Every structure is written in structure tokens, then in C-alpha cells.
Amino acid sequence: MERKIRIGSRESKLAVIQSEMVMEAIHRCHPEIELELITMKTTGDLILDKTLDKIGGKGLFVKELDKALAQKRSDLSVHSLKDMPMEVPEELPIIGFSKREDPRDVLVLPKGQHTRDEKLPIGCASQRRILQLREIFPDAVFCPVRGNVLTRLRKLDDGEYGALVLAAAGLKRLGLEERISRYFEPEEMIPAAGQGILAMQGRKGEDYSYLDGICDENGKYAALCERAFVQTLNGGCSSPIAAYAKIEEDEITLMGLYYEEATGRYKKGTMTGKCAQAREIGCRLAESLRKRCTEEGEKEV
């Protein structure tokens, strides 16, 4: 019997490409399934004059997609995992993770330029990035930049910014890898939790066996570890918390950054263990970095 699956996606070019990647993978494994892409604008796509922490956080990028899924207007949502809130509705669980694309952050210069114009600000709205970029560019000024990747690049090329900091994964998926001027290795700038991974979200209790063979085991372990780290620290959209898990065979190494908002102190650290303990490692490193910040504060008093 033929089956039809409706895939819900944000309507930005990158979101559509990412959803089409999942659709192509499903088609390769199950050519008998009919697939339909349903795109929609989210509140986060519409409000571009304020930073996310001022308008309600990452949930604004998934609210409309969640509603379509809950009302059975779509059957599966595809998200950039880093854009998903830490709290996911119990009735709309994440049911799978993709293989990870390049997780690094990158520097992008205006078209045709090879050096950064230091008189212009670096376009960056992420507190996580700004905190770490200040170590690399101590004299730089940072200004928020919103909009999808193509909108941000247009603003850069129009002379509003001297550079942008973006995710390598998005540029590569858009076929814009040539715009990358510099890669920031995770050791110098720890990525956002989930960066480079796609999350597939469905309805609780339904059959998603057609995703078997499409979801990636390493993507799952990295996602569970990184999100456990952020959840343990109650990290929301505006919290400059970073987490990146590297997997080699059956071992996972988590790099994390914890920022103490009350004092402005922050700590970086790593922890290694078995992939089967991914969540536990995320929680343990988070608690360890929080404790180190607290102890340092007590010594200063």
C-alpha cells in the first residue's frame, strides 16, 4: 500500500535544502513512499529587528511547525538541532538525528575582500560566539545581525559589517563554502550544542520505522551529550553556553563552556567516556564547570 509523508519545514532556502536532504534519504530507502514538502514562515523568521533573547528564544523557530505536526497537517518536521529549544513537547518527540555536517563556526568577509575592515563591526548576535570571539579579536566591536544566511550575506556585502560569524554547516549546505575566510577550530571557539546536526521530530506513538537506516548513531550520541550539558545548566537561547562532542569509535569527548551570568566568569573543560554514557557525561561536565566557577568566586571573597 502506498503511503504519503508530509515533511514540515521553515521556508528559508537553507531549511528547504535540509528538509530535501532528509526526503532524498527516505526516497532512497523507501521509493514507494510519496513525499510532500510543506513550508511555513515561523515567528522567528518574521521578527528580524530584535535579538532572539528579546522576543522569546528559539521556540519561535518551531512553534508553527509544532502546531502543524500536532494538528496532523504534517507528519514529520526537520529542524537544525541548534535552533531547537531544550524543552520539547512530550507528545512531539525528537525521533532521529542526522549525520553531522562540519560543526565549526567560521568567519566570512565581504565579497572580494581578503582582510577584515577593522573600522566596521563584526555581525554576530550570539552571546556564545561573542564571548569567545573577544579572546580572538579583543579590539573588535560586535553588532547583532538577524535574518537567514542569504540576508546576512547581503548585509555584509552591502558594507554594513566588516565580517560575519556563521556556522560552516549552513554555508556548505547552501553551496557557499567558498565564502568562508577562516574556520574556528572547536578548541578556540566551542560550537553551539547540536550545530551541524539535523533533528527529525514526530508525533508520540506513531510508526517512524521508515527512518531506520537514515538516522545516524553518532549524531544521536553527540546530540544527547551536548543537550544534556545545556539542560543541566538551564541554558536558554540567550545563555552563552557551548557544547561540542567528538566521537571516536565507542568513546565520546565533550568540550563545554559554562558562563556564570551573575559574575561574568566562564570556564571551559572536557570530559571523555563511553558513548553509551552520553547523557551522563553531559551532566557531569556541566556540574563540574559550574562547581569550578562557584569555588573560584568563593576564593575571591
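Use the structure listed above.
Residues numbered from 1 in each chain as written. Predicted model: local features only at pLDDT ≥ 70, side-chain atom pairs only at ≥ 80, totals over all residues. Heavy atoms only, no water.

Asker: Help me understand the nonpolar core in this model?
Answerer: It is characteristic of soluble globular proteins that their nonpolar side chains tend to be buried jointly. Counting 29 residues, the largest nonpolar core has Leu 81, Cys 225, Phe 229, Ile 252 and Leu 254 as the members making the most contacts within it. Those elements giving two or more residues to this core turn out to be helix H8 (217-232), strand S11 (242-248), strand S12 (251-260) and helix H9 (278-300). Those residues within four positions of Cys 225 in sequence are excluded, and the remaining contacts are Ala 245, Ile 252, Leu 254, Ala 278, Ile 281 and Gly 282. Of all hydrophobic cores here, the second largest spans 16 residues; its members include Ile 17, Val 108, Leu 153 and Ile 180. (Core = buried A, V, L, I, M, F, W, Y, C linked by side-chain atoms within 4.5 Å. Buried < 20%, exposed > 50% of the residue type's maximum accessible area, 1.4 Å probe, protein only. Helix = DSSP H or I, 4+ residues; strand = E, 2+ residues; numbered from the N terminus. Contact = heavy atoms within 4.5 Å.)

Asker: Would you take a moment to explain the pattern of salt bridges for this structure?
Answerer: Pairing between side chains becomes possible if they bear opposite charge and their charged atoms approach one another. A complete count under the given rule lists 24 salt bridges for this structure. Where Lys 4 meets Glu 34, a salt bridge forms, and the shortest distance between an N and an O atom there is 4.0 Å. One end of the pair, Lys 4, is in strand S1 (residues 3-10); the other, Glu 34, is in strand S2 (residues 33-40), and 30 residues separate them in sequence. The partner of Arg 284 in a salt bridge is Glu 280, and the shortest N-O contact between them spans 3.6 Å. Remark: Glu 280 and Arg 284 occur in helix H9; sequence separation between them is four residues, near one turn of the helix. (Salt bridge = Lys/Arg side-chain N within 4 Å of Asp/Glu carboxyl O.)

Asker: Would you mind showing me how to read the sheet that holds strand S5 (residues 105-108) here?
Answerer: The five strands lie next to each other as S7-S6-S8-S5-S9, forming an open sheet whose pairing is mixed. For this open sheet the edge positions go to strand S7 (142-143) and strand S9 (180-184), each flanked by a neighbour on one side alone. Two strands pair when backbone bridges link them, and S5 and S9 are joined in this way by four bridges, in the antiparallel orientation. By the bridge assignment for S9, Val 106 is matched with Tyr 183. Along the sheet face, helix H5 (residues 127-136) touches S5, S7, strand S8 (163-167) and S9 and points at about 125° away from the line of S8. Those strands touched by helix H6 (residues 149-157) are S5 and S8, and its axis lies near 165° from that of S8. (Pairing = 2+ DSSP bridges. Axes fitted to C-alpha atoms, helices over the stretch in contact; angles between N-to-C directions.)

Asker: For this particular structure, what's the right way to read the environment of Ala 70?
Answerer: Mapping Ala 70 onto the fold places it in helix H4 (residues 63-70). Sequence-wise, Ala 70 and Lys 204 are 134 residues apart; in three dimensions their C-alpha atoms are separated by 9.9 Å.

Asker: Where do I start with the pairing of S11 in this structure?
Answerer: Two faces, one strand: in a regular strand the side chains alternate between the faces of the sheet. S11 sits mainly inside the fold: five of its seven residues count as buried. Where S11 and S12 come together, seven bridges link them in antiparallel fashion. The partner of Lys 246 across the bridge, within S12, is Thr 253. Two successive antiparallel strands, S11 and S12, enclose a turn made up of two residues, where Glu 249 displays a positive phi of approximately 55°.

Asker: Quick question: what am I supposed to make of H4 here?
Answerer: Listing the buried residues of H4 in full gives Leu 65, Asp 66, Ala 68 and Leu 69. When H4 is viewed along its axis, its buried side chains cluster within an angular range of 160° and face the same direction. The secondary structure elements touched by the buried residues of H4 are S1, S2, strand S3 (76-80) and strand S10 (198-201). Where H4 ends, the next residue or the one after it, Lys 72, has phi of about 60°, a positive value. (Arc of directions from axis to C-beta.)

Asker: Which parts of the structure should I look at to understand H5?
Answerer: For an α-helix the count is 3.6 residues per turn, leaving residues at separations of three or four pointing the same way. Taken as a whole, H5 has its buried residues at Arg 128, Arg 129, Ile 130, Leu 131, Gln 132 and Leu 133. N-capping of H5 is provided by Ser 126, with a side-chain oxygen placed 3.3 Å from the backbone N of Arg 128. (Polar contact = N/O pair within 3.5 Å; in protein donor to acceptor, adjacent residues only side chain to side chain.)

Asker: How do you make sense of the sheet that holds S3 when you look at a structure like this?
Answerer: Within a sheet, adjacent strands bond to each other through the backbone by hydrogen bonds, running parallel or antiparallel. Ordered in space as S2-S1-S3-S10-S4, the five strands form an open sheet in which the pairing is mixed. Whereas interior strands pair on both sides, the edge strands pair on one side only; in this sheet they are S2 and strand S4 (94-97). Neighbour to neighbour, the strand axes of the sheet diverge by 30° on average, direction disregarded. Relative to S3, S1 is paired through two bridges, and the arrangement is parallel. In the sheet register, Gly 8 faces S3, and the bridge partner there is Ser 77. Of the strands in this sheet, S1, S2, S3 and S10 touch helix H1 (residues 13-29), which is tilted by about 170° from S2.

Asker: Would you take a moment to explain the packing of aromatic side chains for this structure?
Answerer: We describe a pair of aromatic rings using the distance from one ring centre to the other and the angle between the two ring planes. Enumeration according to the criterion identifies two aromatic pairs in this entry. Where Phe 137 meets Phe 184, the ring centres are 6.4 Å apart and the plane angle is 80°; that geometry is what we call edge-to-face. Of this pair, Phe 137 sits in the loop between H5 and S7 while Phe 184 sits in strand S9; the two residues are 47 residues apart in sequence, bridging distant segments of the chain. As far as the burial class goes, Phe 137 and Phe 184 line up, both buried. Arranged with centres 5.8 Å apart and planes meeting at 50°, the rings of Tyr 208 and Tyr 210 form a pair that is tilted. Residue class for Tyr 208 comes out buried when judged on its relative accessible area of 11%. The ring of Tyr 221 has Lys 220 sitting right over it, with the charged end atom 5.1 Å from the ring centre. (Phe/Tyr/Trp six-rings, centres within 6.5 Å; stacked < 30°, edge-to-face > 60°. Lys NZ or Arg CZ within 6 Å of the ring centre and 35° of its normal.)

Read these as layout, nothing more, since geometry by itself doesn't imply function.
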